Amino acid sequence: MNVVNMKKKNEEYKLEAECRRLAVERGCILAKIENNGYTGIPDDLFISHLGDLICLIEFKNGKEGRLSEEQKVWLARFPNLIYIIRSIDDFKEFLHKFG
């Protein structure tokens with residue numbers, strides 16, 4: 001991985017960590033999905049504080065972060081289940097609406 005990609009991944013990691021903190025403050029669950037054998041599956045499972053919304057969240061580094069072809073397939077297959085978050089403000093808006 002080159003330096004530019006490492007920087008983008010680090011920024012995405014920071015975004016994800018801050019969003020996780022905000023979710024926990026609201027009583028929600030934001031659980032990392034890792035090493036599951038599926039390519040392109042979204043980053044996290046989100047469960048609202050009442051349990052009335054369960055969805056998948058893909059974090060991207062601002063407008064620069066692009067979906068992979070595999071991620072596009074997942075999004076096309078489950079358009080009402082996957083949310084793309086590109087900033088803290090995106091996540092705050094998402095929490096206001098669903099969390």
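To be clear, the structure that these remarks concern was listed above.
All figures in this text were calculated on a predicted structure; none of them were measured in a lab. (Residues numbered from 1 in each chain as written. Predicted model: local features only at pLDDT ≥ 70, side-chain atom pairs only at ≥ 80, totals over all residues. Heavy atoms only, no water.)

1. Description of the overall build of the protein chain
And then number 1: On a plain count of helices and strands, the protein chain comes out with three helices and four strands.
And then number 2: Of the regular secondary structure in the protein chain, the N- to C-terminal order runs α-β-β-β-α-β-α.
And then number 3: At 13 Å, the protein chain has a C-alpha radius of gyration in line with the 13 Å of a compact globule built from 99 residues.
And then number 4: Expressed as a percentage of the 99 residues in the protein chain, the buried residues total 31%.
And then number 5: At a minimum sequence separation of 6, the contacts of the protein chain that also span at least 24 residues come to 52%.
And then number 6: For the protein chain, the exposed surface amounts to about 6600 Å²; the carbon and sulfur share of it is 54%.
And then number 7: When the 16 positive and 16 negative side-chain charges of the protein chain are each reduced to one mean point, those points stand 3 Å apart. (Helix = DSSP H or I, 4+ residues; strand = E, 2+ residues; numbered from the N terminus. Rg over C-alpha atoms; globule rule 2.2 N^0.38 Å. Buried < 20%, exposed > 50% of the residue type's maximum accessible area, 1.4 Å probe, protein only. Contact = heavy atoms within 4.5 Å. Areas by Shrake-Rupley, 256 points an atom, 1.4 Å probe, with all protein chains shown as cover. Lys, Arg positive; Asp, Glu negative; His and termini not counted. Charge placed at Lys NZ, Arg CZ, Asp CG, Glu CD.)

2. As for the pairing of strand β2 (residues 44-47)
Every other side chain in a regular strand lies on the same face of the sheet, so the side chains alternate between the two faces.
And then number 1: The alternating pattern of β2 places Asp 44 and Phe 46 on a buried face and Leu 45 and Ile 47 on a face that is not buried.
And then number 2: In this sheet, β2 lies alongside strand β1 (residues 29-32) in antiparallel orientation, the contact comprising four bridges. Bridge pairing in β2 links Lys 32 to Asp 44.
And then number 3: Bridging between β2 and strand β3 (residues 54-59) involves four bridges; their strand directions are antiparallel. Residue pairing across strands places Asp 44 opposite Ile 57, the latter belonging to β3. (Pairing = 2+ DSSP bridges.)

3. Brief notes about the packing of aromatic side chains
Aromatic ring pairs are described here by two measures, namely the spacing of the ring centres and the angle between the planes.
And then number 1: Enumeration according to the criterion identifies eight aromatic pairs in this entry.
And then number 2: Measuring from centroid to centroid gives 5.2 Å for Phe 94 and Phe 98, while their planes differ by 50°, and the two rings are tilted. Of this pair, Phe 94 and Phe 98 both sit in helix α3 (residues 88-98), four residues apart, which is roughly one turn of that helix.
And then number 3: An aromatic cluster is present here, built from Phe 46, Phe 59, Tyr 83, Phe 91, Phe 94 and Phe 98 joined pairwise through their rings. (Phe/Tyr/Trp six-rings, centres within 6.5 Å; stacked < 30°, edge-to-face > 60°.)

4. Things to note about the state of the cysteines
And then number 1: Tallying each qualifying case throughout the model produces zero disulfides.
And then number 2: Cysteine Cys 19 is unpaired, with the sulfur of Cys 28 as its nearest cysteine sulfur at 12 Å.
And then number 3: Here Cys 28 stays free of any disulfide, with the sulfur of Cys 55 as its closest cysteine sulfur at 9.7 Å. (Disulfide = S-S within 2.5 Å.)

5. Focus: α3
And then number 1: Along α3, the positions that sit buried rather than exposed are Phe 91, Phe 94 and Leu 95. Burial along α3 is one-sided: seen end-on, the buried residues are contained in an arc of 100°. Facing away from the buried side of α3 by more than 90 degrees, the exposed set consists of Asp 89, Glu 93, His 96 and Lys 97. (Arc of directions from axis to C-beta.)

6. Regarding unusual backbone geometry
And then number 1: Phi is positive for Asn 35, close to 45°, though the residue is something other than glycine.
And then number 2: Considering the arrangement of structural elements, one finds Asn 35 in the loop between β1 and β2.

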